[in-house]
Amino acid sequence: MPRILLLGGTHEAGQMAAALAEAGLDAVYSYAGRTAAPVAAPLPTRIGGFGGAAGLATWLRDNGIGHVIDATHPFAAQISRNALAACLATGVPLIALERPAWVAQDGDRWTSVGDIALAVAALPVAPATVFLAIGRQSLDAFRARPEHRYVLRLVDAPETPPLPGAAVVVDRGPFTEAGDIALMQRHGVQLVVAKNAGGSGASAKLGAARALGLPVIMVDRPALPDRHAVGTVAEVMAWLHDAKRGV
Ligand SMILES: NC(=O)c1ccc[n+]([C@@H]2O[C@H](COP(=O)([O-])OP(=O)(O)OC[C@H]3O[C@@H](n4cnc5c(N)ncnc54)[C@H](OP(=O)(O)O)[C@@H]3O)[C@@H](O)[C@H]2O)c1
């Protein structure tokens, strides 16, 4: 079977990599290179961008890739669009491993917004302590609202404070609800801003906000073009198995 490219950077991609390795399939795991010490994958690994959709198409051809699995984060829309375009251009089949979005439960106090800029606009007028567990790349937009005190959770310790006066917690998921309740109480958090990532690795903050009765500004996922998507590692493996049998 020709080589498989696994686009990763998520907990689910780690599970996918384990299944591919277990099955003895020839696959390469790709990281963007955003974190200083990415979790080691049980597959040969490459790190860094491909140079847009055209660069990725060239890379697929040069490396004899026969299948692409897009297991990137639901908010990593650019690489997912590039992967679709590159696979279309090269005729390489693509499957996306997608986690279902989180859905509000009884007791949740969510305000859903379309993007980060709208989340900034939805912050209250009165100064508040706001937990931003949204990753490093989306923080800059919150500079426009310096009246709030921000609590940030980041995978790597920043060299300079990403937001003036912010409290920075350096930690890597998966997190627990009890741990997130303690963190929010320790910092006096009054409001949570979250991206609707789905999955279990980062959902603890939502349970914690529910338990503490805190409001959540929930950023909806960016829209992607139609693609073949499944929700489990087993379904991706079945797709690869069918491809191998020429189904
Ligand atoms: N966005 C989030 O909230 C979030 C959260 C957790 C984990 N992640 C992970 O972090 C990575 C970067 O996310 P992002 O939001 O910055 O992505 P993005 O905006 O969709 O992608 C920006 C560029 O980064 C490169 N890239 C992204 N993912 C890559 C991968 N797996 N392998 C090789 N190159 C990749 C590509 O560069 P070229 O155009 O040069 O190819 C892409 O055009 C992804 O792998 C994602 O799964 C993202």
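Residues numbered from 1 in each chain as written. Predicted model: local features only at pLDDT ≥ 70, side-chain atom pairs only at ≥ 80, totals over all residues. Heavy atoms only, no water.

Draft legend 1. Broad picture of the packing of helix 2 (residues 52-62) against helix 3 (residues 77-90). Axis separation between helix 2 and helix 3 bottoms out at 8 Å; the angle between their running directions is 50°. With respect to their mutual orientation, helix 2 and helix 3 come out oblique. For helix 2 against helix 3, the interelement crossing comes out right-handed. Together, G52, A53, L56, A57, L60 and R61 of helix 2 and N82, A83, A85, A86, C87, A89 and T90 of helix 3 make up the contact between the two elements. Here the residues of the contact of helix 2 with helix 3 sort into nine nonpolar, three polar and one charged. (Axes fitted to C-alpha atoms, helices over the stretch in contact; angles between N-to-C directions. Helix = DSSP H or I, 4+ residues; strand = E, 2+ residues; numbered from the N terminus. Parallel < 35°, antiparallel > 145°, perpendicular 65-115°, else oblique. Left-handed = near helix turned anticlockwise from the far one by under 90°. Contact = heavy atoms within 4.5 Å. Nonpolar A, V, L, I, M, F, W, Y, C, P; charged D, E, K, R; others polar.)

Draft legend 2. Representation of the pattern of salt bridges in the model. Enumeration according to the criterion identifies eight salt bridges in this entry. Taking the shortest distance from any N to any O, the salt bridge between R143 and D140 comes out at 3.1 Å. Between E147 and R145 there is a salt bridge, with its nearest N and O atoms 2.7 Å apart. The partly exposed category is assigned to E147, whose relative accessible area is 33%. On the accessibility criterion, R145 (15% relative accessible area) is buried. One continuous salt-bridge network, built from bridges that share partners, spans D70, E98 and R227. (Salt bridge = Lys/Arg side-chain N within 4 Å of Asp/Glu carboxyl O. Buried < 20%, exposed > 50% of the residue type's maximum accessible area, 1.4 Å probe, protein only.)

Draft legend 3. The arrangement of the site of the ligand in detail. As a structural note, the neighbourhood of the ligand is formed by 23 residues, with G8, S30, R34, F50 and K195 the closest of them. Between S30 and the ligand, the recorded distance is 2.7 Å, taken from a side-chain N or O atom to a nitrogen atom. Note that an oxygen atom of the ligand is positioned 3.1 Å from one of the side-chain N or O atoms of Q137. Every element with two or more residues in the shell around the ligand is listed here: strand 2 (27-31) and helix 3. Element by element, the count of residues in the shell around the ligand is highest for helix 3, at four residues. (Near = heavy atom within 4 Å. Polar contact = N/O pair within 3.5 Å; in protein donor to acceptor, adjacent residues only side chain to side chain.)

Draft legend 4. Representation of the packing of aromatic side chains in the model. One pass over the full model with this rule turns up three aromatic pairs. Seen in terms of ring centroids, Y29 and Y31 are 4.5 Å apart; in terms of plane orientation they differ by 45°. Their pairing is tilted. For Y29, a relative accessible area of 1% corresponds to the buried category. Ring plane angle 70° and centroid distance 5.8 Å describe the contact between F142 and Y150, whose orientation is recorded as edge-to-face. (Phe/Tyr/Trp six-rings, centres within 6.5 Å; stacked < 30°, edge-to-face > 60°.)

Note that all results are geometric; they support no functional claim without further evidence.
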